[in-house]
Amino acid sequence: MMAESDAMPVRATKRGSERTPLSGERDVLICGASFAGLAIARELAGSGADVLIVDRYEIGERQTSACGIPTEWLARLGLMESERQRFDTLVMHTPHGTARYRLPWTFSTFDYRQLCQLLWRDCDATFETAKVNGRAAAANGDGRIAIETDRGTITAPLVVDALGWRRMLASGDGYQPPDAPLSRGLEVHPAGESEDLAIWIDRKYVPAGYGWSFPARDELRIGIGSFDPRFHVKDTTVELTHDLGKEPNEYQGNWIPHKLRRATEGGIFFAGDSAGHCLPLSAEGIRTALYFGMALGQELRGVVEGRQTRANAEANYASFHDTHEWKFKWMLRVQKLIPQVPPRILAPLIKLMSAKRFVNWSFTHYLRIAAPEYAGSKWVSRSADDQNSSGQQQDDADDAVGRERDLVEAEQA
Ligand SMILES: Cc1cc2nc3c(=O)[nH]c(=O)nc-3n(C[C@H](O)[C@H](O)[C@H](O)COP(=O)(O)OP(=O)(O)OC[C@H]3O[C@@H](n4cnc5c(N)ncnc54)[C@H](O)[C@@H]3O)c2cc1C
């Protein structure tokens, strides 16, 4: 039985009489209000489109990740207020030793609820809590897509599935664990402090995958990710937590896709985990959900502003998505390779790879897969204009953007 402290957070979503029927037509329907969904809605702000975003939980209510992201992404998106802690070193533990990788860019942990609220603050969409059940039969052949929710059927010509790994709005292709290419992740959040952003590559915790401890000011986000969906990660999440002198609490976990899927299907657009945008090997899926979400939002904006057709948007977004395929495939290859390296070779290899030149080269390329520069600076200046954004936060944002730029330029020189 779960102890009191293990209980999941209390749901704040609408109940009973608050759950009035929901139906009608919208210009854009975004299903899922996490990283991908909110990034799309934000790009549509000011377009004049009637955008509805639905999620089974309130915005920011249900965190499912360790919430780590390259700092420059937070800075570029004007989200520095949500930053909890920043790191310039990654500590890699193996059974045979520890290596410290001094990163060419910094990595931050953030507060999920606050980040979602900051994204939402810039949106002008309508939000409703509703559980999406799937696609309903279209009423007519005018290109509108009907989506069934537990509060009624909503139609729109532009529909996005940002619902995560289940990819609910695709035509049932039986993508279920443990047979689908999914990793599994579980973590706990005990109170505590640490300076170390740490990873464990140790088969005692997981045969293929890694353990982590991501400090976030006053809590440690400790977890295990397994590339093999059949490996159950609960026991070793507890073990790693105990090894760090903590007691597990607030379990949260999810499946994590590690293979790209089609960007559009049956007239529906997919972004974030529903499109397999989480990076293999690192299981980093937040910045890519934001990145592809922004790209999709801009394409949809072109449609609602009458600059292109839905078919053009589908083709453009699919082509943008496809240009990244080789990078995802390459990461997946490394993901499959690492578990095959004998442990006694892995430790010296990891030490060797901590050489500054190699770390700079590899981590700079890794960041380029979804480069922060893609976000431009429009959100940075908006957050600077916002009275709630303190001068210190803006300085932090400027520092992060400037520092990353210097490092990338130095690396390219
Ligand atoms: C334990 C763990 C730790 C992780 N840590 C990190 C990390 O530190 N950094 C990182 O970059 N990535 C991390 N990831 C991966 C990352 O969480 C995902 O890649 C990312 O959340 C994908 O964002 P998304 O918006 O596509 O989907 P999600 O964040 O999964 O959001 C989907 C949304 O859809 C809603 N939804 C789902 N089904 C329905 C339905 N039927 N009806 C209505 N709403 C629905 C959900 O409530 C949710 O709000 C981690 C994953 C796990 C499991």
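Here, the structure is the one placed above.
In this report, the structure presented in the accompanying data block is examined. On a predicted model such as this, the values are computed, not experimentally measured, just so you know. (Residues numbered from 1 in each chain as written. Predicted model: local features only at pLDDT ≥ 70, side-chain atom pairs only at ≥ 80, totals over all residues. Heavy atoms only, no water.)

**Let's talk about the overall build of the protein**
Now for step 1: Secondary structure summary: the protein contains 11 helices and 18 strands in total.
Now for step 2: Looking at the protein as a whole, 56% of its 413 residues qualify as buried.
Now for step 3: Partitioning the contacts of the protein with sequence separation of at least 6, the portion at a separation of at least 24 is 73%.
Now for step 4: Roughly 18,000 Å² of accessible area belongs to the protein as shown, and the carbon and sulfur atoms make up 50% of that amount. (Helix = DSSP H or I, 4+ residues; strand = E, 2+ residues; numbered from the N terminus. Buried < 20%, exposed > 50% of the residue type's maximum accessible area, 1.4 Å probe, protein only. Contact = heavy atoms within 4.5 Å. Areas by Shrake-Rupley, 256 points an atom, 1.4 Å probe, with all protein chains shown as cover.)

**Some thoughts on empty space enclosed by the protein**
Now for step 1: Evaluation of the coordinates by the stated rule reveals 3 cavities of 30 Å³ or more.
Now for step 2: The calculated volume of the largest cavity comes to roughly 50 Å³.
Now for step 3: Forming the boundary of the largest cavity are Ile201, Asp202, Arg203, Val206, Pro207, Ala208, Gly209, Ile338, Pro339 and Leu346.
Now for step 4: For the lining of the largest cavity, the per-class residue count stands at 7 nonpolar, 1 polar and 2 charged. (1 Å grid on protein atoms, 1.4 Å probe; cavity = no way out; pocket = protein on both sides within 12 Å on 5 of 7 lines; lining within 4 Å. Points joined across faces, edges and corners; volume = space filled by probe spheres on them. Nonpolar A, V, L, I, M, F, W, Y, C, P; charged D, E, K, R; others polar.)

**Examining the side chain of Asn249**
Now for step 1: Relative to the elements of secondary structure, Asn249 occurs in the loop between helix 4 (234-243) and strand 16 (252-257).
Now for step 2: In this structure Asn249 comes out as buried when scored by relative accessible area, which is 14%.
Now for step 3: One polar contact links the side chain of Asn249 to the main-chain amide nitrogen of His189, over a distance of 3.1 Å. (Polar contact = N/O pair within 3.5 Å; in protein donor to acceptor, adjacent residues only side chain to side chain.)

**A look at unusual backbone geometry**
Comment: phi is negative for the bulk of residues other than glycine, and the bulk of peptide bonds are trans.
Now for step 1: Residue Pro178 follows Pro177 across a cis peptide bond; omega there is 5°.
Now for step 2: Along the chain, the position of Pro178 falls in the loop between strand 11 (158-161) and strand 12 (182-188).
Now for step 3: Even without being a glycine, Arg217 presents a positive backbone phi close to 65°.
Now for step 4: Given a relative accessible area of 47%, Arg217 falls into the partly exposed group.
Now for step 5: Look at Leu281: it is not a glycine, yet its phi comes out positive at around 70°.
Now for step 6: Take Leu281: it is sitting in the loop between strand 18 (268-270) and helix 5 (286-304).

**Considering the pattern of salt bridges**
A side chain of one charge can pair with a side chain of the opposite charge if their charged atoms are brought near each other.
Now for step 1: This model, assessed by the stated rule, comprises 21 salt bridges.
Now for step 2: Linked by salt bridges that have partners in common, Arg301, Glu305 and Arg307 make up one network. (Salt bridge = Lys/Arg side-chain N within 4 Å of Asp/Glu carboxyl O.)

**Re the environment of Pro229**
Now for step 1: Relative to the elements of secondary structure, Pro229 occurs in the loop between strand 15 (220-226) and helix 4.
Now for step 2: Setting aside residues no more than four positions away along its own chain, Pro229 makes contact with Pro178, Ala180, Leu182, Arg184 and Trp255.

**Digging into the pairing of strand 13 (residues 197-200)**
Now for step 1: Neither face of strand 13 is exposed, since Leu197 and Ile199 on one face and Ala198 and Trp200 on the opposite face are all buried.
Now for step 2: Examined bridge by bridge, strand 5 (residues 83-94) and strand 13 share 4 bridges and lie parallel to one another. Paired with Met92 across the strands is Ile199, a residue of strand 13.
Now for step 3: Two strands pair when backbone bridges link them, and strand 13 and strand 14 (residues 209-215) are joined in this way by 3 bridges, in the antiparallel orientation. When the bridges of strand 14 are listed, Ile199 appears paired with Trp212. (Pairing = 2+ DSSP bridges.)

**Some thoughts on the nonpolar core**
Now for step 1: Membership of the largest hydrophobic core comes to 81 residues, with the highest contact counts inside it found for Ile30, Tyr101, Leu290 and Leu300.
Now for step 2: Among the elements that line this core, the one with the most residues is helix 5, at 9 residues.
Now for step 3: Apart from residues no more than four positions distant in its own chain, Ile30 is found in contact with Gly37, Ile40, Ala41, Leu44, Val51, Leu52, Ile53, Val54 and Val160.
Now for step 4: Membership of the second largest hydrophobic core comes to 17 residues, among which are Val132, Ile145, Leu169 and Ala170. (Core = buried A, V, L, I, M, F, W, Y, C linked by side-chain atoms within 4.5 Å.)

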